[in-house]
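The residues making up each chain are set out below.
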Amino acid sequence: DTGVSQDPRHKITKRGQNVTFRCDPISEHNRLYWYRQTLGQGPEFLTYFQNEAQLEKSRLLSDRFSAERPKGSFSTLEIQRTEQGDSAMYLCASSLEGGTQETQYFGPGTRLLVL
Amino acid sequence: AQSVTQLGSHVSVSEGALVLLRCNYSSSVPPYLFWYVQYPNQGLQLLLKYTSAATLVKGINGFEAEFKKSETSFHLTKPSAHMRDAAEYFCAVSSSGTYKYIFGTGTRLKVLA
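Keep in mind the model is a prediction, meaning the values are calculated, not measured.

S.K.: Lay out unusual backbone geometry with the relevant residues and their values.
M.R.: All names here are of chain A. Across the junction of Asp7 and Pro8, the peptide omega takes the value -5°, indicating a cis bond. Positionally, Pro8 belongs in the loop between strand S1 (5-7) and strand S2 (10-13). Although it is not a glycine, Arg81 sits at a positive phi angle of roughly 50°. Among the structural elements, Arg81 can be located in the loop between strand S8 (75-79) and strand S9 (88-95).

Structure below.
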């Protein structure tokens, strides 16, 4: 069990640029989640995948955001035309369907700063 | 709808003193409750979870929490604080059949030497 990994750990970009983050879940986990955490707040749910199907998107996820999980393994989160308000920590988590009360295991996060 | 309230965004305790971090939840269905800890620039690590079994839940690093349905509370305690406990702590709620967690705003614990 190597845990959830995320890449990059830090990203600085200029307003208007596109960015893409990657998440590799725990290998046998079929559920994958993205959360966003702004300074001084708890994580907020963005989206959820079961295998390769994206089953829910939060209203927080504007049209500039897109997430994929093409083969049911790793996932990417892309933000187009970044805005300063997108600056946050983006957390990925995974869980095993039917596992112990669906405990979610979190990665280290990608911290995004939009200048 | 589910929600979590963490009272006290900052808590300071002396090393060796009791730690008490408060969490109250709102849920129309039996909840699952979780405490996570976050160290600076890191992700969230699970401390403990309540899943309708024993109401007193023991977790890692000497932490425990008690589920009190009548008070809709799930407070986190540790008998004796250690310097390494300084971190941010998040309470979260979910329920059977749901998959997303609803987190509180967090409590930053400071341990004084």
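After that view of the structure, there is still more to cover.
S.K.: For the state of the cysteines, give the residues involved together with the corresponding values.
M.R.: Residue and element names in this part refer to chain A. Throughout the structure, instances matching the rule amount to two disulfides over all chains. Bridging Cys23 to Cys92, the disulfide has an S-S length of 1.8 Å. For the disulfide bridge between Cys23 and Cys92, the dihedral angle about the S-S bond is near -65°, and by the sign convention the bridge is left-handed. Remark: Cys92 occurs in strand S9 and Cys23 occurs in strand S3 (residues 19-24); sequence separation between them is 69 residues. Of the two residues, Cys23 and Cys92, neither departs from the other in class, the shared state being buried.

S.K.: Requested: an account of the interface of chain A and chain B, with residues and values cited.
M.R.: Of the residues lining the interface, 22 residues belong to chain A; the matching set on chain B comes to 18 residues. Across the interface of chain A and chain B, roughly 1,700 Å² is buried in total on both sides, 54% from carbon and sulfur atoms. The tally of links from chain A across to chain B stands at one salt bridge. Linking Lys100 of chain B and Glu56 of chain A is a salt bridge whose minimum nitrogen-to-oxygen distance equals 2.8 Å. Connecting chain A to chain B are seven residue pairs in polar contact (both at pLDDT 80 or more). Sorting the residues of the side of chain A that touches chain B by element identifies strand S4 (31-37), strand S5 (44-50) and S9 of chain A as the ones contributing at least two each.

Quick notes on the rules
- Residues numbered from 1 in each chain as written.
- Chains lettered and ligands numbered in written order.
- Predicted model: local features only at pLDDT ≥ 70, side-chain atom pairs only at ≥ 80, totals over all residues.
- Heavy atoms only, no water.
- Helix = DSSP H or I, 4+ residues; strand = E, 2+ residues; numbered from the N terminus.
- Disulfide = S-S within 2.5 Å.
- Buried < 20%, exposed > 50% of the residue type's maximum accessible area, 1.4 Å probe, protein only.
- Contact = heavy atoms within 4.5 Å.
- Buried area = accessible area lost by both parts, 1.4 Å probe.
- Salt bridge = Lys/Arg side-chain N within 4 Å of Asp/Glu carboxyl O.
- Polar contact = N/O pair within 3.5 Å; in protein donor to acceptor, adjacent residues only side chain to side chain.

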